[in-house]
Amino acid sequence: MEIGITTFAEMAPGADPGERLSRVVEEAETADRAGLAVYAVGEHHRPDFAASAPPVVLAAIAARTERIRLSSAVTVLSSDDPVRVWQQFATVDQLSGGRAEIMAGRGSFIESYPLFGLDLGDYDELFAEKLDLLLALREGGPVTWSGRHRAALDAQRVYPVPAQERMPIWIAVGGTPNSVARAGILGLPLAIAIIGGEWSRFGPFAELYRRALEEGGHDPSAVPLSINSHTHVADDGERAADELWPGYAAMMNRIGRERGWAPITRAQYDVLRGPEGALLVGDPEQVAQKIARQHELFGHERFTAHISVGPMPHRSVLRSIELLGTRVAPRVRELIGAPAPV
């Protein structure tokens with residue numbers, strides 16, 4: 001199993017975005033040294049997240065890392081131009097020597113739609129149409145394409161080409177069955193984000209995805225599935241819980257006020273980090289055991305830990321990344337009987 005990291009480059013109110021982005025690069029360097037498989041940066045257009053342009057951040061990381069794969073988490077494809085997305089990630093791919101991936105999604109916030117003059121009423125149609133163009137671009141050669149939301153292309157070549165022969169394109173979902181089925185029918189790798197409740201309730205999504213793969217004529221064993229969960233690892237389990245709680249509560253309550261949620265309590269948080277809860281928070285053995293239990297249900301090939309959930313001390317984030325790579329990942333492979341990466 002591959003184990004990696006996602007981040008939204010969360011910031012405390014009034015923090016310096018330049019400093020936060022520099023720390024994101026340092027986190028990626030730490031993940032690379034620790035032997036983790038992927039580092040992914042999310043796109044947001046809000047004051048509490050520093051990365052509105054993940055390919056730029058990933059290009060900086062590419063220059064400072066050697067092995068780790070570089071992805072978005074996610075690229076909000078509905079409000080972007082697929083041609084520019086392809087060019088940007090092809091550039092990251094060239095800079096990194098063939099380590100780039102695109103993780104496309106519709107995003108968990110809506111700020112990008114008015115920002116780029118788009119109608120939320122076209123939410124699903126925008127994503128489907130732009131994904132179609134992105135996949136056409138991946139085929140290479142002159143592209144002929146037409147749609148409702150973008151100017152047509154007539155035998156148009158797009159440069160640069162990626163270093164990889166076929167740059168991976170993932171679909172990321174939160175809780176929409178139609179999106180899960182779409183990924184399967186198209187034969188695209190799927191990332192399921194589990195951010196609340198009991199993780200086992202997402203089991204039917206994995207089943208739906210594999211049925212859709214078969215219906216689309218794809219071999220389910222050949223197309224990877226990824227699970228993403230909020231994660232924090234420390235040398236001691238209670239210390240991990242105490243380190244994450246203040247920033248996690250501040251972030252969830254800030255978003256909750258926007259969406260009409262009740263404030264989260266420490267008791268609710270402790271349930272979420274329990275055996276059936278969505279949070280993976282604890283010492284290396286506790287986190288590894290929970291990933292292995294998830295694997296029994298999902299059979300996934302990749303797990304990505306969403307690190308720095310809310311503002312956290314930088315040293316705690318770096319230690320969490322080190323433990324994830326050096327202690328958790330080897331233990332997970334041992335528990336599930338998976339070989340070590342080459």
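Before reading on, note that the structure itself is shown above.
Throughout what follows, the structure given in this document is the object of discussion. Remember, predicted model here, so these are calculated numbers, not experimental data. (Residues numbered from 1 in each chain as written. Predicted model: local features only at pLDDT ≥ 70, side-chain atom pairs only at ≥ 80, totals over all residues. Heavy atoms only, no water.)

**Here we look at the overall build of the chain**
Check the secondary structure of the chain and you find eleven helices and twelve strands. Computed over C-alpha atoms, the radius of gyration of the chain comes to 19 Å, within 12% of the 20 Å expected from 2.2 N^0.38 for 342 residues, which places it in the range of a compact globule. Taken along its principal axes, the extent of the C-alpha atoms in the chain is 60 × 45 × 40 Å. Within the chain, buried positions represent 55% of all 342 residues. Counting only contacts in the chain whose residues sit at least 6 apart along the sequence, the fraction spanning at least 24 positions is 72%. For the chain, the accessible area works out to roughly 14400 Å², and carbon and sulfur atoms hold 53% of it. (Helix = DSSP H or I, 4+ residues; strand = E, 2+ residues; numbered from the N terminus. Rg over C-alpha atoms; globule rule 2.2 N^0.38 Å. Buried < 20%, exposed > 50% of the residue type's maximum accessible area, 1.4 Å probe, protein only. Contact = heavy atoms within 4.5 Å. Areas by Shrake-Rupley, 256 points an atom, 1.4 Å probe, with all protein chains shown as cover.)

**Quick notes on the packing of helix α3 (residues 82-96) against helix α5 (residues 123-138)**
As a packed pair, α3 and α5 sit with axes 9 Å apart at the nearest point and diverge in direction by 40 degrees. Between α3 and α5, the interaxial angle falls into the category oblique. α5 is crossed by α3, and the crossing has right-handed handedness. From α3, Pro82, Val83, Val85 and Trp86 reach across to α5, where they touch Lys130, Leu133, Leu134, Leu137 and Arg138. A breakdown of the residues in the contact of α3 with α5 according to their chemical character gives seven nonpolar, no polar and two charged. (Axes fitted to C-alpha atoms, helices over the stretch in contact; angles between N-to-C directions. Parallel < 35°, antiparallel > 145°, perpendicular 65-115°, else oblique. Left-handed = near helix turned anticlockwise from the far one by under 90°. Nonpolar A, V, L, I, M, F, W, Y, C, P; charged D, E, K, R; others polar.)

**Considering the pairing of strand β3 (residues 69-72)**
Neither face of β3 is open: one carries Arg69 and Ser71, the other Leu70 and Ser72, and all of them are buried. Direction of pairing for strand β2 (residues 38-41) relative to β3: parallel, over a ladder of four bridges. Counterpart to Tyr39 in the pairing with β3 is Leu70. A crossover links β2 with its parallel partner β3, the connecting element being helix α2 (residues 54-62), and its sense is right-handed. (Pairing = 2+ DSSP bridges. Right-handed = clockwise from strand over helix to strand, strands pointing away.)

**Let's talk about the nonpolar core**
Proteins that are soluble and globular tend to have nonpolar side chains buried together. Core analysis: the biggest nonpolar cluster contains 95 residues, and Tyr39, Ile61, Ile171, Leu190, Ile192, Tyr248 and Tyr269 have the highest contact counts within it. Among the elements that line this core, the one with the most residues is helix α8 (residues 237-259), at nine residues. Look past the residues within four positions of Tyr39 in its chain and what remains in contact with it is Ile5, Thr7, Val24, Glu27, Ala28, Ala31, Leu58, Ile61, Ile68, Arg69, Leu70 and Ser71. Residues Val76, Met103, Trp170 and Ala191 belong to the second largest nonpolar core, which totals eight residues. (Core = buried A, V, L, I, M, F, W, Y, C linked by side-chain atoms within 4.5 Å.)

**Some words on the side chain of Asp283**
You can see Asp283 is positioned in the loop between β11 (280-282) and α10 (284-298). In terms of polar contacts, Asp283 uses its side chain to reach the backbone amide nitrogen of Gln286, at 2.8 Å. Look past the residues within four positions of Asp283 in its chain and what remains in contact with it is Val233, Ala234, Asp235, Asp236 and Gly237. (Polar contact = N/O pair within 3.5 Å; in protein donor to acceptor, adjacent residues only side chain to side chain.)

**A closer look at helix α7 (residues 203-215)**
Its 13 residues place the ends of α7 19 Å apart at the C-alpha level, agreeing with the 18 Å of an ideal helix rising 1.5 Å per residue. Among all positions in α7, only Gly203, Phe205, Ala206, Tyr209, Ala212 and Leu213 are buried. Lining the buried residues of α7 we find α6 (177-186), β9 (190-194), β10 (225-233) and α10. Among the residues trailing α7, Gly217 stands out with phi positive, at a value near 85 degrees. (Expected span 1.5 Å × (residues − 1).)

**Some details on the pattern of salt bridges**
Throughout the structure, instances matching the rule amount to 26 salt bridges. Where Arg182 meets Asp124, a salt bridge forms, and the shortest distance between an N and an O atom there is 3.2 Å. Pair noted here: Arg182 is in helix α6 and Asp124 is in helix α5, with a separation of 58 residues, a long-range link. Residue Asp124 is classed as partly exposed on the basis of its relative accessible area, which comes to 38%. Residues Glu285 and Arg331 are paired through a salt bridge, measuring 2.9 Å at the closest nitrogen-oxygen approach. Of this pair, Glu285 sits in helix α10 while Arg331 is found in helix α11 (residues 314-336), placing the two residues 46 residues apart along the sequence. (Salt bridge = Lys/Arg side-chain N within 4 Å of Asp/Glu carboxyl O.)

**Overview of unusual backbone geometry**
Following Ala73, the chain continues into Val74 via a peptide bond in cis, with omega recorded as 10 degrees. Among the secondary structure elements, Val74 is positioned in the loop between β3 and β4 (75-76). Cis geometry marks the peptide bond from Tyr159 to Pro160; its omega dihedral reads 0 degrees. Relative to the elements of secondary structure, Pro160 occurs in the loop between β7 (153-156) and β8 (169-173).

**Quick word on the environment of Leu335**
Summarising the element assignment, Leu335 is placed in helix α11. Setting aside residues up to four positions removed in sequence, Leu335 forms contacts with Ala288, Gln289 and Ala292.

**Some details on the pairing of β2**
Neither face of β2 is open: one carries Val38 and Ala40, the other Tyr39 and Val41, and all of them are buried. In the sheet, strand β1 (residues 2-7) pairs with β2 via three bridges, with the strands oriented parallel. Pairing of Thr7 across the sheet is with Val41, part of β2. Read as a crossover between parallel neighbours, the route from β1 over helix α1 (residues 17-33) to β2 is right-handed.

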